[in-house]
Amino acid sequence: MTGANRGIGAAIAQGLAERGLTVVVGARDAASGEQTAQRLGGRAVPLDVTDDGSVRDAVARVEQWYGRVDVLVNNAGISGGHAGQLAGEADLAVMRAVFETNLFGVVRLTEACLPLLRKADGARVINVSSGTGSLAWQSDSSRAFASSQIALAYPASKAALNMLTVLYAKALAADGIAVIAVAPGACATDFAAALGLSLERTAEQGAAIAVHLATVPDSPTGAFLQDDGPVPW
């Protein structure tokens, strides 16, 4: 899984390891990834989802070690920060950087993993999305999203990720591969702290929906889910 060395990603990795899955920790920070893997009893690979060579090398290692991928968790994501992300002052370089990780990185790694996913029985791809990517919630006047100034790139990248989830779910149905998007909710992580957010929801609480869908006997596909059920597109 990607972005597995801290925050919600580390909590998902922990939850999967506790349920008996062998976890491969993918992280740009190789040392941090190794520390997390050692704690979980798994393995680590240096992985930058924006780099073709890094993805190719990471997937080759996983193939050599295990020969298949049962569950791919696309968790790596960036916010892009505050600067250059409001309407009227949008910086296309910032926008592109966010999409490169949050959307194109998912395509890059998913495509590279497809041969290994097809070798597994009932494989799953879990894309860690966000409630901010819900068009319905963003346009609902009763929700905070609709009345707040919000960065352009992150929600837009997650809305695009949701569409990507639906398209891959349809394309991979014949292979028996489920593809699901999850909304973990805003949690007290380094990611949130960097945006100036003070939150009570823990990373473990946010990780629960991904862990559940990775380990439940029968997984839905083409869905966007949170703890209590579907998130509106």
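Remember, predicted model here, so these are calculated numbers, not experimental data.

Caption draft 1: Structural detail: the overall build of the protein. Looking only at helices and strands, the protein features nine helices and seven strands. The C-alpha radius of gyration of the protein comes to 17 Å, within 12% of the 17 Å expected for a compact globule of 233 residues. Across its three principal directions, the C-alpha atoms of the protein cover 50 × 35 × 30 Å. The 233 residues of the protein split such that 47% are buried. Taking the intrachain contacts of the protein between residues at least 6 apart in sequence as the baseline, contacts between residues at least 24 apart amount to 66%. Working note: accessible area of the protein is about 11100 Å², and carbon and sulfur atoms make up 52% of it.

Caption draft 2: Expanded view of helix α4 (residues 92-117). Along its length, α4 shows its largest kink, about 45°, at Glu-100. Its side-chain oxygen at 2.9 Å from the backbone nitrogen of Ala-93, Asp-91 defines the N-terminal cap of α4.

Caption draft 3: The pairing of strand β2 (residues 43-46), seen in detail. As paired strands, strand β1 (residues 24-27) and β2 are joined by four bridges and run parallel to one another. Residue pairing in the sheet places Gly-26 in a bridge with Val-45 of β2. A crossover links β1 with its parallel partner β2, the connecting element being helix α2 (residues 30-40), and its sense is right-handed.

Caption draft 4: Highlighting the nonpolar core. Core analysis: the biggest nonpolar cluster contains 29 residues, and Leu-72, Leu-109, Leu-117, Ile-177 and Val-179 have the highest contact counts within it. Of all the elements in the fold, those that place two or more residues in this core are α3 (52-66), α4 and α7 (153-172). Setting aside its immediate chain neighbours within four residues, Ile-177 contacts Leu-117, Arg-118, Ala-123, Val-125, Leu-172 and Thr-221. Counting 28 residues, the second-largest nonpolar core is a separate cluster that includes Ile-8, Ala-13, Val-25 and Val-211.

So, how was this worked out
Residues numbered from 1 in each chain as written. Predicted model: local features only at pLDDT ≥ 70, side-chain atom pairs only at ≥ 80, totals over all residues. Heavy atoms only, no water. Helix = DSSP H or I, 4+ residues; strand = E, 2+ residues; numbered from the N terminus. Rg over C-alpha atoms; globule rule 2.2 N^0.38 Å. Buried < 20%, exposed > 50% of the residue type's maximum accessible area, 1.4 Å probe, protein only. Contact = heavy atoms within 4.5 Å. Areas by Shrake-Rupley, 256 points an atom, 1.4 Å probe, with all protein chains shown as cover. Bend = angle between axes of the 7 residues up to and from the residue. Polar contact = N/O pair within 3.5 Å; in protein donor to acceptor, adjacent residues only side chain to side chain. Pairing = 2+ DSSP bridges. Right-handed = clockwise from strand over helix to strand, strands pointing away. Core = buried A, V, L, I, M, F, W, Y, C linked by side-chain atoms within 4.5 Å.

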